[in-house]
Every structure is written in structure tokens, then in C-alpha cells.
Amino acid sequence: MKAIRRFTVRTLLPEPIRPLARLATNLRWSWHRATRELFASLDQELWEESHHDPISLLGSISRDQLDQLASNNELVERVQHAAADLDRYLSEPRWYQGLGPDAPACIAYFSPEFGITEVLPQYSGGLGILAGDHLKAASDLGVPLIGVGLLYQAGYFKQSLSRDAWQQETYPVLDPDGLPLTLLREPSEDGTGKPVTISLPLPNGRKLNAHIWRADVGRVPLLLLDSNVPANDDAARGITDRLYGGGGDHRLQQELLLGMGGVKALRVYQRLTGTPAPEVFHTNEGHAGFLGIERIQELMSTEAPLSWSEALAAGRASTVFTTHTPVPAGIDRFEAVQIRHFFDAGLAPDVPVEKVLDLGRENYDGGNPAVFNMAVMGLRLAQRANGVAKLHGVVSREMFSGLWPGFDHSEIPITSVTNGVHVPTWVDPRISALARQQFGTEAEALGRWDLAYNVSDEDVWALRRQLRVSLVEDVRRRLRAAWKKRGAADAELGWTDTVLDPDVLTIGFARRVPTYKRLTLMLRDPARLKALLRHPKHPIQLVIAGKSHPADDAGKKMIQDLVKFTDDPAVRHRIVFLPNYDIAMARTLFPGCDVWLNNPLRPLEACGTSGMKAAINGSLNLSVLDGWWDEMYDGENGWAIPTANNDASPTERDDIEAAALYELLETQVAPRFYGSTVSAEAGAAGPSQSGPEAVPTHWVSMIKHTLAHLGPAVSADRMLQDYVNTLYRPAAESGRRAVAGSFKEAKELAAWTTKVRTAWPQLIVEHVDSIGVSEEPQIGDTLQVNAYIALHTLTPDDVSVEVAYGRAEESDELEDITVAELSSFEDLGNGRHLFTGSILINRSGSFGYTVRVFPKHPSLASKAELGLIVNA
Ligand SMILES: *Cc1c(COP(=O)(O)O)cnc(C)c1O
């Protein structure tokens, strides 16, 4: 029979070991080795059975055993010590506390998914893991961040395979009471106050109510909204059922809840805890973009309400938007009528619905004006925006250039902050142990990656082997389990005990399976791959994993093709596909692989972070120059798979790039891994025969170089510091200026913007001339440029007039541009003005210049902000 209701009874721990409850609820254990070891030591067997979940572990220890533990003085002392350590971690000043009083008092970080630990499966891939790493690094650095997201009843799906290798999805329902979460309640004497509920109106008089769960990620609270509450009708209860489950209205309602409900949840949290109000709102991907509308609604509904444009100016000033994908399918687009339908229900009663619709409208070249684009809204609601790697910045500036017509792509105000990974989460404990043992805890704490050079080659190589051995063992276990799920009997599965060889070059490939990541590129020439796997002297072995989106049959077909290849008895000992890629698998996979393979269609990988996780474990990257690798590959830290040029057709492109991959593996990667001693052995039967003395010195030097150089560069600490310095602090400053003195600056900016937008269509550069250049100009000549501009109702202070000059291409396109501002020289009457300035001719060859005008105001963060420009 089935239970009609299910709940988890939380264990009341005996007094002496009661702090274990706090240690289990604060997710710092997920990256704090000592706390994990403490839990494991309570009962090793139950720890394994609980899949390393402290809450489930505590729930499964019997009363008697708990009492026994509580009378074990040595253990009680360790518990007290761990609790004191956690308290210290939660309260001591860290990096951020050294920044001084004007650093933002609080930053709200919104994301549709958070991947913190496998115990809280609320992520599908890179975006979620990144958000989790962002919170963890914020905690380590003392950044006062609050995360905001949704609590999905079934999280993302669990993947298994049918006998025929077709992906099967299951959605085990989570019980929030059994998760490391605390329900937010109204204050009461005994802590059993009513759950806090936030609510949004829906069409037809319905309501969307949600409770708020708090996860503690070290010092950072993460608020998760949950619509599965009794006050909702069934449809509303199901809104937070799954991550990226439905499309259309279902997805839209999730996003309304995340953005608008998220701001409401923050406000309640502030009220209950006395936390300062966020001074910066960080939207990750378009999904959370409605937060900007909720904030505008707040500003338009006070006792002294702001107008739409004033509220927009005030809200934008403190908002940061991060775009995480250059793949159009990764961006949510709704029908404009759908948006109207929901906003007509009174979601933001003081905000004109037309204004909301304008925010997401694709009213630019190549756009579809009937569509509401969440990324476009995100960009319009945020004064600051960024991509997630340098190349992704370039691609995003081009992709969204339609919003800033007339500007060069390089001037589009989207910067970039390259992603990073949370080192304590992703580095194998044996690597940090080696570092501690050889250089002390100080060096570990200081992140002295350069000390990698001081480790002996033998130690590095021995550790790499240990890591590979652990992976091989994990793979055998998982593969057997996967085959049993596919319906095989034990008797058929003897071969899985000897799958993979701990001395063979091990290559990993694991990530979501959208088409652009090209899971099956390696199968382009199956015979060639087979030969690489079965090479007599330099064999390779491959460990592959990844989930396809449930609605993506092309992705599932790729998985099927791959798995069918791995089923072949001739190669199945050297290539495996592991179902259900998740954080737990990843933590063994990255350290255990010698090489991390990545072959997306350039430039569709925004950043990619799995290669970073591999790098901090001393795996070498073999990747297309896309995302982070494009900026960090240096010739000695791995290999670059060349990209076919743009005129190649998609199939030609795959052929060319796959051939390049095989070639690299065969001629560079494998020989180097096996070192010269092995390849010199004529007719050696296999690599296992090379003794431990056979350290491949060139390979090991690449490992050391990777650790020393990439370690600090790919760390989430570096990423977070970049966000704080280049985005959060400037956004908080703009935000404060905007609201100071009863929104004086926001009001001024709004009025000025309206004036400028109205006047702009009449603004004309009437005439430009230059004086001072003879028939044959020379380097060192000065050129005086005069620009006659009809400003009509605007004044010279409202604009910036710029001369841009440089090398002129045959097409008249300017390259290597320098810009200089011209100054207002004379009021010519009737709204006409002369601007002038001089430029130095500093190059030979063809030289050109042009004059441009754009609006200028101290509250603007960039000259392109309003998207207004007049080019001569
Ligand atoms: C790091 C990670 C990802 C993201 O990997 P990409 O290389 O960015 O695609 C996805 N899933 C898991 C479990 C990860 O650990």
C-alpha cells in the first residue's frame, strides 16, 4: 500500500553530541573535510549507506548507539571542537571584512538552480554548480551574499538506461523535512510559528502561495521558494515540481515565482532576521529577471511613489545581469500575450503592463517583436552586465548588439568575469593532504599553488596513480550497478570486475548532452577510436557520463550511439558510459582522469567549468579553444584541438575536428603519457609492464605547470573577488547615489533620459572639417577637427562628441581605434554648436577618422548605456 502522507522525524540528539545537528544542517560539511570525517567516524557503514548525507546518517543511528556515542568522551570532545570551529568560521572577519565600510552591506544572488551537494539535488549542470560554488566562495571570503532560488520537489531527474541504451528518467520526490533545510516561520515563543508564506496573484482569481526554506551554505543563507503548500490548488502546488520540467506557462510561473516571489521572500527574511537590505541584485541568466519588475513595483507603490522611469533608473542602478549562454535555446522566450495574461492578473498592480512588455520586446534587427525575451529584459533592467569568460564576453557583445544599434561591438556594455570553481569542494583530499604534509597548513590556506614545482616527480606520479585507481574502482562498481539496471544478471557481469586498467592513460568526458557539446564527436571514425583504445603500446581508456534534457531526443540518440559503441566486447574494457552524472560522481571523476576532453562547437561553450575542476586535480585539458580554455591555454598546460574555419559545413567541421582530435591523441598525448622508456621497449605487451621508475617527466612537468598556473586563475575566490571589485561595488555605489536624498539622482536621471530620448532623433552632425594637414600628411602632424552639430533642445553638456581615429581599411572600416573627446567651442545659435579638438597623426599608411555623438551624464555607467548614438 502507499502512504498518503510522508514525513521525516528528525532525531533529537543526546545533549553532549547535540551540536552534530548544527554541523549536519550547515552545508559547510560538504566542503569541510574534517566535519565529513567526523560524521563518517560515527558509523562508517551507515555513512556509506546514507550516501554521505549527515542528516540521513543521524536519522539512521539507533537510540542506543546515540547514547553510546554521547558517553564516548573522546568523540564528545571532537564534536565540541568541530562545533567551535564552525562558529569561528561563521563569525571571524575574512577577506571582505577588510574592504572597508562602503563595500555593499548585502548582495542578493538569484539563480534557477543551485548545485551545492548531491544531498540537495537542485541542479542540472554547469549553471547550478557554478551558483553553488559562488555561494561557497562568498562564504569563505565573508561576502554578505544571500542566495535566492526555488525548491523543486523532484529536483532534476535521475538517469538510467534501458537495455537498448535509451535514457530513462525518474523523478524521486524529495521530502524537504529530510533535507538540510529549515522552514522559515513567523516568530513565536517556541519556534513553531506559522510558516512564512509569500503569495502572487494568478489569472482568474487564483493565487500562487509559497513557503520559504533556508539552506545554510557556511555563512551564506540560501532561500528556496516552495509552492507545494496546502493553501495552493493542485496546479499551483505543481509549479515547483521539477527543474526545467515543463515549458510555456509552467516555466513562466516558475520564473515569476523566482523573480517576484524571490524579492518578497528576501523582504520577509530581512524583517525576521534584521539582515540589511540587499544593495545589489545579481540576476543569473534571464530566468530570474522578473526580480527587477518586483523592485520597480515596490518603488511605484510607496507613499511617495516614483514614476515608471524613475523607478526603472533606481532599480537598474543596483542590478547586475549575468548571461551564461550564447546558445539561443538556452534563453527563455515567451509569447508577449502570455506575459500580458499573467501581469493583467495584478502581479505588479502599479506597473503599466505595456512597460513590462516593452522590456522584453525584441524590437531590433533580427528580433521578433511578438516575443518576450528574458535575456533582453535582463539587460534592460540591469545597469551592469557580463558574460562568463573573455571569449563569451566578445560573443555576447555581438549577440546582443541589436540592443545598441550604431555602436561598435567592442563598445557594447557587456563585460566579462571568467567563472571559477570552489577549490575545497573539488580538489581531491589526497592532493590537499600531500600539500599540507610537504608544506604545512599555512601554505594550503594561502593557496600556494606555485609550491607544486617543489614536489618530486615520483610523488606526483604516485599520487596520480592512486587517484586513477580510485576512479577505476568506482567505475567498476557503477558499471555493474548500471548493467543490473539494464537487466543483466550477475552471471553475465564478470567482465565488469576488470574493466579499465589503472595504468592506462585515462580520459574523461562528462557534461550535459546538448548537441553543441558533441558527445559523439569521438565516434566520427569508429575504427580509429577503436585503434586508439586498443593500441598495443599507447592505449587510452575513456570514462564518459552525461544527462540529456528529457525533451531532447537528439541528445538521447547521442547517448544511445555512444553506449552501443561501449557495449562492444572488443572495446568495453577500455570505454565506459556511466549513467546519472552528478556531483558525487564528478568528485571521483575529475581527479581520476589524466586528461579532460572537451570538444564543443566553438564558440557555443560560454565558459565550461569541468575542465577547471580537472585542472586543480592535476588533470591536463585537451579541448577546443572555447570558453575559459581560449583565454587560459598556454601551450604547456594541455592541448588545443584546432577548430575548422567558418566556411566548413557542419559535417566537414566534425570530420576535421575529430581527425585533429585523433591525431593529437595518437601523436602527442599518448606518447607523452607513457614517457620515452615505454615507447622504446620494442614490442612491450602493455603499459602495465613499465615499472614505477617510469615517470614520464614531461607529463609530470605539465601537471606541475597546470597546478601552479591554473590553480589560482580558475578558483572561485578569484571569480568572487572579480565580481566584488568590478560589479558589486560599482553597482552598490550607483544604487546608493540613485536613492540618496529621496531618489534625487534617480529622478534627475529619469527626467534627463526622457528629454534626451525625445530630442535625439533630431540631432544631426551637420558638417565635419579638419585643418592642418597638407597634401602629404606626415607622422607627427596635428589635425584639428571641427564638428558642427545641431543639438536643438539639448545643450553641449548633455552630449559627448568624440573623434575616433585609426588605420582605415579598404572598406573604410577603422581599426586600432583611438578616441578623443572634442570640446564645445562656440554656440552658433539656433541650437547649433561647434565642437573642436586636435589629434596627432601617429601612424603611417592609411589613416581615417570619424565623429560620433552620444548622451553624457554622470549617472551613466557607460557611453553606450542608453543605446543612443549619432555617427557622422
Ligand atoms: C562541473 C559540472 C558540470 C558543468 O560542466 P561543464 O564543463 O561546464 O559543462 C555539470 N555537472 C556536474 C556534476 C559538474 O560537476
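All residue numbers refer to positions counted from 1 along the written sequence of the respective chain. Local features in a predicted model are, by the rule used here, given only for residues with pLDDT of at least 70; side-chain atom pairs are given and counted only at 80 or more, and totals for whole chains, interfaces and linings are based on all residues. To obtain the side-chain values, all non-hydrogen atoms of the structure were included, while hydrogens and water were left out.

1. Regarding the overall build of the protein chain
Under the scheme used here, helices are H or I runs from DSSP no shorter than 4 residues and strands are E runs no shorter than 2 residues, and both carry numbers assigned from the N terminus. In terms of helices and strands, the protein chain carries 26 helices and 29 strands. As defined in this context, the radius of gyration uses C-alpha atoms, and a globule is described by 2.2 Å times the residue total to the power 0.38. Here the protein chain has a C-alpha radius of gyration of 30 Å; the compact-globule value for 872 residues is 29 Å, and the two agree. Dimensions of the protein chain along its principal axes, counting C-alpha atoms only, are 95 × 75 × 50 Å. Throughout this description, buried means an accessible area under 20% of the type-specific maximum (1.4 Å probe, protein chains only), exposed means over 50%, and partly exposed covers the range between. Buried residues in the protein chain amount to 56% of all 872 residues. Restricting to contacts in the protein chain with at least 6 residues of sequence separation, those with at least 24 account for 73%. We get accessible surface area from the Shrake-Rupley algorithm with a probe of 1.4 Å; when it comes to residues, only the shown protein chains can shield them. Carbon and sulfur atoms make up 51% of the accessible area of the protein chain, which amounts to about 35300 Å² in all. When charges are tallied, Lys and Arg are placed among the positive residues and Asp and Glu among the negative ones, while His and the ends of the chain are skipped. Charge positions are represented by NZ for Lys, CZ for Arg, CG for Asp and CD for Glu. Across the protein chain, 86 positive and 110 negative side-chain charges occur, with their mean positions spaced 5 Å apart. The criterion used for residue contact is that any of the two residues' heavy atoms lie within 4.5 Å.

2. So, the domain arrangement of the protein chain
Examined at the domain level, the protein chain breaks down into domain 1 (15–91), domain 2 (95–416), domain 3 (445–712) and domain 4 (763–871). For each domain, the first and last residues come from an automatic or database assignment. Look at where the C-alpha atoms of domain 2 and domain 3 centre, and you get two points 35 Å apart. With 35 residues of domain 2 in contact, the opposing surface of domain 3 contributes 41 residues. Summed over both partners, the interface of domain 2 with domain 3 comes to about 3000 Å²; 59% of that surface belongs to carbon and sulfur atoms. Basic side-chain nitrogens of Lys or Arg form a salt bridge, by our definition, when they fall within 4 Å of a carboxyl oxygen of Asp or Glu. If you look at where domain 2 meets domain 3, you find four salt bridges. Sorting the residues of the side of domain 2 that touches domain 3 by element identifies α7 (126–141), β5 (158–161), β6 (167–170) and α15 (390–399) as the ones contributing at least two each. Defined in terms of a 1.4 Å probe, buried area is the accessible area two parts forfeit on being brought together, summed over both.

3. Some thoughts on a negative patch on the surface
Each patch is built from residues lacking any salt bridge and having more than 30% relative accessible area; the joining distance is 9 Å for like charges and 5 Å for nonpolar side chains (Val, Leu, Ile, Met, Phe, Trp, Tyr). Residues Asp408, Asp812, Glu813 and Glu815 make up a contiguous surface patch of negative charge. The topology assignment puts Asp812 in the loop between β25 (799–808) and β26 (814–829). On the accessibility criterion, Asp812 (64% relative accessible area) is exposed.

4. Overview of the UniProt feature "modified residue: N6-(pyridoxal phosphate)lysine" (unreviewed entry) in the protein chain
According to UniProt, the "modified residue: N6-(pyridoxal phosphate)lysine" (unreviewed entry) feature falls on Lys613. Note that Lys613 resides in helix α22 (residues 610–615). Taking the relative accessible area as the measure of exposure, Lys613 reaches 4% and is therefore buried. Among all residues touching Lys613, those that are not within four sequence positions of it are Ile129, Val421, Trp426 and Phe590. UniProt positions are given in the numbering used here, feature names are shortened, and annotations may be inferred rather than shown by experiment.

5. Overview of the sheet that holds strand β22 (residues 638–641)
Across a sheet, paired strands are connected by hydrogen bonds in the backbone, their directions being either parallel or antiparallel. Strand order in the open sheet made by the six strands is β19-β18-β17-β20-β21-β22, with parallel pairing throughout. Because the sheet does not close on itself, it has two edges, and the strands there are β19 (575–578) and β22. Strand-to-strand, the axes of this sheet are offset by a mean angle of 20 degrees, without reference to chain direction. Whether two strands pair depends on DSSP finding at least two bridges between them. Relative to strand β21 (residues 620–624), strand β20 (residues 595–598) runs parallel, the two being bridged by four bridges. Pairing of Asn598 across the sheet is with Ser623, part of β21. Lines fitted to C-alpha atoms define the axes, with helix axes restricted to the stretch in contact, and inter-axis angles between N-to-C directions lie between 0 and 180 degrees. Where helix α19 (residues 526–533) meets the sheet, its contacts fall on β18 (540–545) and β19, and the angle it forms with β18 comes to roughly 115 degrees.

6. As for the site of the ligand
Lys517, Tyr581, Thr609, Ser610 and Lys613 are the nearest of the 15 residues found near the ligand. The term polar contact refers here to a pair of N or O atoms within 3.5 Å; inside protein, the definition further demands a hydrogen-donor-capable atom paired with an acceptor-capable atom, and it admits residues adjacent in sequence only when both atoms are side-chain atoms. Thr609 places a polar main-chain atom, nitrogen or oxygen, 2.9 Å from an oxygen atom of the ligand. One nitrogen or oxygen atom from the side chain of Ser610 is found 2.4 Å from an oxygen atom belonging to the ligand. Coverage of the ligand by the protein amounts to 96% of the 390 Å² it exposes when considered alone. Ranked by residues supplied to the shell around the ligand, first place goes to helix α21 (residues 583–592) with three residues. Three residue categories are used. Nonpolar comprises Ala, Val, Leu, Ile, Met, Phe, Trp, Tyr, Cys and Pro, charged comprises Asp, Glu, Lys and Arg, and polar comprises the others, including Gly. Residues that form the shell around the ligand fall into these classes: six nonpolar, five polar and four charged. Two domains each donate at least three residues to the shell around the ligand, and these are domain 2 (95–416) and domain 3 (445–712). One heavy atom suffices: a residue is near a molecule or strand as soon as one of its heavy atoms comes within 4 Å of it.

7. A short note on the environment of Val351
On the secondary structure map, Val351 appears in the loop between α12 (336–343) and α13 (353–360). C-alpha of Val351 to C-alpha of Ser307: the two residues are 44 residues apart in sequence and 9.1 Å apart in space. Non-local contacts of Val351, meaning those with residues more than four positions away in its chain, are made with Ile293, Ile296, Gln297, Met300, Trp308 and Val356.

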